[in-house]
Amino acid sequence: MKKALISGITGQDGSYLAEYLLELGYEVHGIVRRQSVAENQSSRIMNINDQVSNHYGDLMDEHSLYRIMREVEPDEIYNLAAMSHVRVSFDVPSFTIKTNSLGVLNILEAYREVAPGAKFYQASSSEMFGNSVDEDGCQRLTTIMSPVSPYGCSKVMGYNLVKHYRNAYKLHSCNGILFNHESPRRGTNFVTHKVVKTAVEIKKGLKDKLELGNMDSSRDWGHSFDYVRAMHLLLNHDEAKDWIVSTGETRTVRELCEYVFTALDMNYQDYVVQNQKYMRAEELKYLRGDSTEIREKLGWKPKYTFETMMDEMIETWMQRLS
């Protein structure tokens, strides 16, 4: 039985990944930061809590990482923990840089010293590209990285550290550059979930408007469940390398609103207003990933479409607020 260690196991991706690995017969361990109200933190993994072993630790506490590595002796390590909200990274840039850069260094060092025979996955981000786009309208591994947020900057350093450790110490360490991915488990302060939740609340008479930032930002949105399958696939490829994971399709926030409100028999223009406080100091205008390599070499393809993903999120909130 293979053993997997997941940092950020209580997050959206961590919870889907833990479920997927359990289905494959893995022994699953998670790294969890202690919070005063544990129920709020562990809600995404309540259904599998008795099947996983969680360990208290933190990316900024390297001693806890060494201890956990020694206790678990993992075959695979998935580093999904991060300060993950791009807009909030402008408010807490120092915390973002420390967690997403120095935190990656800390877990890489623990990996190198304690479990160098394991395979290591780093959750990298399309935000690393910033507003760099190739002539054909896509971003790929050769696209220049020019991030436009503290979050994107921090992810670039983590990405390069993983490449450095792979080359310098011959470790099986990989980056998955994942484009935006959503699900009913997404935090409600992320735009897709915010739009869905508020639209359902408006439909049920609980709210009368939805405040958003830039309506013309374009994103490549996929489903978290599809993307954790990609994580496992790419990590278990014979060659340790970096991969793009994306749908290859892009939509604006405006198109997102139009789809969700129309599905609820409403016109988004009657309810959506722009609020400057949700605008970024430097906007990222457009993301669209070229995932040709992982599709052709590893046979990965999404099971969800944008429409089925949004329908699932709408149905979830209709049930929650019924």
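Our structure's up above, just so we're on the same page.
Read on for a plain summary of the structure. From a predicted model like this one, the values you see are computed outputs, not experimental measurements.

Thresholds applied
- Residues numbered from 1 in each chain as written.
- Predicted model: local features only at pLDDT ≥ 70, side-chain atom pairs only at ≥ 80, totals over all residues.
- Heavy atoms only, no water.
- Helix = DSSP H or I, 4+ residues; strand = E, 2+ residues; numbered from the N terminus.
- Expected span 1.5 Å × (residues − 1).
- Contact = heavy atoms within 4.5 Å.
- Axes fitted to C-alpha atoms, helices over the stretch in contact; angles between N-to-C directions.
- Left-handed = near helix turned anticlockwise from the far one by under 90°.
- Nonpolar A, V, L, I, M, F, W, Y, C, P; charged D, E, K, R; others polar.
- Buried < 20%, exposed > 50% of the residue type's maximum accessible area, 1.4 Å probe, protein only.
- Parallel < 35°, antiparallel > 145°, perpendicular 65-115°, else oblique.
- Salt bridge = Lys/Arg side-chain N within 4 Å of Asp/Glu carboxyl O.
- Pairing = 2+ DSSP bridges.
- Core = buried A, V, L, I, M, F, W, Y, C linked by side-chain atoms within 4.5 Å.

Helical periodicity: at 3.6 residues per turn, an α-helix aligns residues three or four positions apart in one direction. With 20 residues, helix H6 (residues 150-169) extends 28 Å between its outermost C-alpha atoms, agreeing within 8% with the 28 Å of an ideal straight helix rising 1.5 Å per residue. Elements that come into contact with the buried residues of H6 comprise helix H4 (86-89), helix H5 (93-114), strand S5 (119-125), strand S6 (172-178) and strand S11 (242-245). One or two residues past the end of H6 sits Lys-170, with phi positive at roughly 55 degrees.

To continue, consider the packing of helix H3 (residues 62-72) against H5. Two numbers describe how H3 lies on H5: the axes approach to 9 Å, and their chain directions differ by 35 degrees. For the pair H3 and H5, the crossing hand works out as right-handed. The segment H3 lies against H5, with Glu-62, Leu-65, Tyr-66, Met-69 and Arg-70 engaging Asn-106, Ile-107, Glu-109, Ala-110, Tyr-111, Glu-113 and Val-114. Within the contact of H3 with H5, the residues separate by chemical class into seven nonpolar, one polar and four charged.

By the secondary structure assignment, Leu-234 is in helix H8 (residues 224-235). With a relative accessible area of 0%, Leu-234 lands in the buried category. A C-alpha to C-alpha distance of 9.8 Å links Leu-234 and Val-245, two positions eleven residues apart in sequence. Filtering out sequence-adjacent residues up to four positions away, Leu-234 remains in contact with Tyr-121, Cys-174, Gly-176, Trp-243, Val-245, Ile-294 and Leu-298.

At a closest axis distance of 9 Å, the pairing of helix H1 (residues 12-23) and H8 adopts a crossing angle of 60 degrees. One way to sum up the angle between H1 and H8 is to call them oblique. In this structure, H1 meets H8 at a crossing whose hand is right-handed. Facing H1, whose interface residues are Gln-12, Asp-13, Tyr-16, Leu-17, Tyr-20 and Leu-21, H8 presents Ser-224, Phe-225, Val-228, Arg-229, Met-231 and His-232. A per-class count over the contact of H1 with H8 returns seven nonpolar, three polar and two charged.

A separate point is the pattern of salt bridges. Scanning the model with the defined rule gives 20 salt bridges in all. With a closest N to O distance of 3.3 Å, Asp-91 and Arg-87 form a salt bridge. Under the relative-accessibility criterion, Asp-91 is labelled exposed at 53%. When its relative accessible area of 22% is taken as the criterion, Arg-87 is described as partly exposed. Of the charged contacts in the structure, one is a salt bridge between Arg-140 and Asp-290, with a shortest N-O distance of 2.8 Å. Linking Arg-140 in the loop between S5 and H6 with Asp-290 in the loop between strand S13 (272-274) and helix H10 (292-298), this pair joins segments that are 150 residues apart in sequence. The exposure class of Arg-140 is buried, given its relative accessible area of 19%.

This next bit is on the sheet that holds strand S3 (residues 52-56). With parallel pairing, the seven strands of this open sheet are ordered in space as S3-S2-S1-S4-S5-S6-S11. Sheet topology places S3 and S11 at the edges, where each strand pairs with a single neighbour. In this sheet, adjacent strand axes meet at a mean angle of 20 degrees when their direction is disregarded. One ladder, built from seven bridges, connects S5 with S6; its direction is parallel. Looking at S6, one finds that Phe-120 is bridged to Ser-173.

A few words now on the nonpolar core. For soluble globular proteins, the rule of thumb is that nonpolar side chains tend to be buried together. Ile-6, Val-28, Tyr-78 and Tyr-121 are the most contacted members of the largest nonpolar core, which has 32 residues in total. Among the elements of the structure, strand S1 (3-7), H1, strand S2 (27-32), S5, S6, H8, S11 and H10 are those that each provide at least two residues to this core. Top element by residues in this core is H8. It accounts for six residues. Not counting the four nearest positions on each side in its chain, Val-28 is found in contact with Ala-4, Ile-6, Ile-9, Ala-18, Leu-21, Leu-22, Val-52 and Ser-53.

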